[in-house]
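Now for the letters of each chain:
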Amino acid sequence: MSLFGRQSQGQDVRAKLERKLYIARESPDPEFDLSDCQLKRLPAGIFSICKVFRKDNLYLHNNQLQSLEEGGQLSDLQLVKVVNLSCNKFYRLPNNIRFLVSLTELYLQNNYLESLPEGFKYLEVLKILDVSNNKLKSLNPSLGNLKCLSVFKITGNIDLNRLCPELCFATNLQTIELDGENFIYPPIEIATKTTEDIMKYLCSDMNIQYRPPQVTTELQSPLPNKIHNPFGKQLGITWEQQESAMIDQENKLHLANQKQREKFLSTLLQEQKDLDDEISKIQENRESERRNLMKTIQREEQEIECIVRNFIQSEKQNPEVIQQQLVYEQLEHDRLLEIARQNYDNVKRSDIIAKMKELLEKDCSINYYKRHYKDNLNNVKQNLLIQESEGAVKLEELLNARDEMRTDLVQQLLEDQDVQQAMVSSLLDRVDAKSWSLSQEISLISMHLSRLSIIEQEKKKINMAFNYNEFLQQRMKLVGLLDDLLDQKNLRRKQLINTLKEAESEGNYAHDFWLKSYQKVLDAAPKSLLNVGKLDPVLANYLLQEGVIHCLPFLVKLLISGKSLLEINNENLKDNGVSFTLDREGILRALKLYVEFGSDIMNEPGQIRSTEDTSLSDALENKTLGVLKANETDSSVVEGECVVCMDTKSEVVFVPCGHMCCCQPCSQNELETCPMCRINIERKIKVILS
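Residues numbered from 1 in each chain as written. Predicted model: local features only at pLDDT ≥ 70, side-chain atom pairs only at ≥ 80, totals over all residues. Heavy atoms only, no water.

On the surface, a cluster of negative charge is made up of Glu271, Asp274, Asp276, Asp277 and Glu278. Residue placement: Asp274 occurs in helix 5 (residues 239-315). (Patch = residues over 30% accessible without salt bridge, like charges linked within 9 Å, V, L, I, M, F, W, Y side chains within 5 Å. Areas by Shrake-Rupley, 256 points an atom, 1.4 Å probe, with all protein chains shown as cover. Salt bridge = Lys/Arg side-chain N within 4 Å of Asp/Glu carboxyl O. Lys, Arg positive; Asp, Glu negative; His and termini not counted. Charge placed at Lys NZ, Arg CZ, Asp CG, Glu CD. Helix = DSSP H or I, 4+ residues; strand = E, 2+ residues; numbered from the N terminus.)

Structure (structure tokens):
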């Protein structure tokens, strides 16, 4: 199929097209004009020319085009701002027109378009759209996405009698040109009015408020939507960097082409100069031969003249013979002269033919080199475009991989923060004075419950009568205190966690916030408090009797300092935070009673001195029951064993009876009554004795 409409004018039109293509390549003008060329299809690669030579305007009007497929990929026109396709034979437009994201003016009048493609909604910077004198039957609702559209021409479409109501979303529309007499929606009385009246009618029909367009000298073109942008790439490179890189690449290609062209022209000029030198040398040789020949002819003529004179002189002697000889010599001279001229003409003609042949060969070689140069240039351009697309794909893959790696690192950092937060919470729970005090009190009460259960078991073994109600009341009181202390400990733990959360939410911290917090708590806590064990229950019992058990956190530093209890005085307590005089006096009395109790145990016969702590229940048991005194050789805390499995220690308290006689695994079995007193179990409390 020919590119041109008429074969008779093919040569002129082809020359015109080649001239315009040459101007587009060589001229820095941003316009690419192929109008009035009688084109039936586009020449291959003109879209690539627009991209490579940075053309802003593409004029294809007044032709016979029906499709844009032969021109290349429409994605190469992403920088084109004005496209004129008027006065052609388009029946439809490709949906790939969405790639023209920089398009501000589009002229489609005087064609055969029946509808507009869906891709129009991506032309977000389009300002002027002219589709007059076509065959449109309806308008695409996607025209409402054209926020920058200011001029919209649809006159001359006979079958078009309705506007799409979504057109009211094009809030910058200033001019609508239509044939109002043919319209049904909006009605004729509205369609024949101004653009403002039409837009108000559409807005009221869509239940939205009409906003007049902002009239400025130049509309602010919004950036293309990133969600619908078909050219969205990697997020780390801006459009200006891509454009500068593309311009640098094109400049390098232009310099390389220019150098190659200059090199080729210099070679061609050198060859032409050499050829001219050779021709001049040959002409000089021929000229010297001609001069030699002329000299030879002149000498011969002189000789002939001499002979003629001799003949003339001898004519007087014998005129007839001399006359005949003269005629013969003249004929011979004419024959030789004609032969010499013919030889000279033949030599000159052969030289001219040889030189013309050589020039033709040189011309053919030059044309061959030109074609080869054009082919190489096209291959270089194609390779550059392929490399650019491959580089874009690789860059996109690299950015995706970097996003995935960043997501993994963020997830790992969040997990690490959870672990670090748990470590800080645990350390804060250990070094918190109130938590430590509550733990000591819970341990003391648990030890008393365990000891009461052991005493009750031992009495049952030896069938000793005992006051059951009194033990029951003691256990119930201790269970009530244990519940209260556990609630206080849980409440204190929640307060510490809330404090950490508030500290975290106060500002933006670095990712190592919890590690720094852990180090701060570790540095601020007393070194010996991290390794302190259980408090002597006897001392805790005396503090409880004196009503100063709440001052236990203030005594930790004194108790773990290695200082003798007898050396602790009123000033030491005041320096450590005990501000009330009654509290200091109660603490001193409790320490005095504890020291006296220790001396009594040391001096009592039958007792073995031990470096470990002595529990209050052991002392009470040794003083009230003589049955266990003889069998007991160690004054350390005795742990009760589970009455069910007889294997592990007791660590569960039954409520309401208060017996501590089962281990954790056995208590998880279906136990409904206490194994010791057969009272129904309401709930179970797990305690751990250190």
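Attention shifts here to helix 4 (residues 195-205). Listed in full, the buried residues belonging to helix 4 are Thr195, Ile198, Met199, Leu202 and Cys203. Buried residues of helix 4, viewed axially, fall in a sector of 135 degrees; they line one side. Against the buried residues of helix 4 lie strand 7 (175-177) and helix 3 (188-191). Phi turns positive, to about 60 degrees, at Asn207, one or two residues after helix 4. (Buried < 20%, exposed > 50% of the residue type's maximum accessible area, 1.4 Å probe, protein only. Arc of directions from axis to C-beta. Contact = heavy atoms within 4.5 Å.)

What follows concerns the sheet that holds strand 2 (residues 57-59). Strand pairing within a sheet occurs via backbone hydrogen bonds; the two strands may be parallel or antiparallel. Within the open sheet, the seven strands sit side by side as 1-2-3-4-5-6-7. Their pairing is parallel. Edge positions in the sheet fall to strand 1 (31-33) and strand 7, since each has one partner strand and no second. Sheet twist, expressed as the average angle between the axes of neighbouring strands with direction ignored, equals 5 degrees. Examined bridge by bridge, strand 3 (residues 82-84) and strand 4 (residues 105-107) share three bridges and lie parallel to one another. Across the sheet, Val83 pairs through a bridge with Leu106, a residue of strand 4. (Pairing = 2+ DSSP bridges. Axes fitted to C-alpha atoms, helices over the stretch in contact; angles between N-to-C directions.)

With that settled, consider the sheet that holds strand 8 (residues 652-655). Pairing is antiparallel in the open sheet, where three strands are placed in the order 9-8-10. Each having just a single partner strand, strand 9 (660-662) and strand 10 (683-686) make up the two edges of the open sheet. For this sheet, the mean angle separating the axes of adjacent strands, direction not counted, is 45 degrees. Examined bridge by bridge, strand 8 and strand 10 share four bridges and lie antiparallel to one another. Within strand 10, the position partnered with Val653 by the bridge is Ile685.

Purely geometric stuff here, so don't read any function into it on its own.
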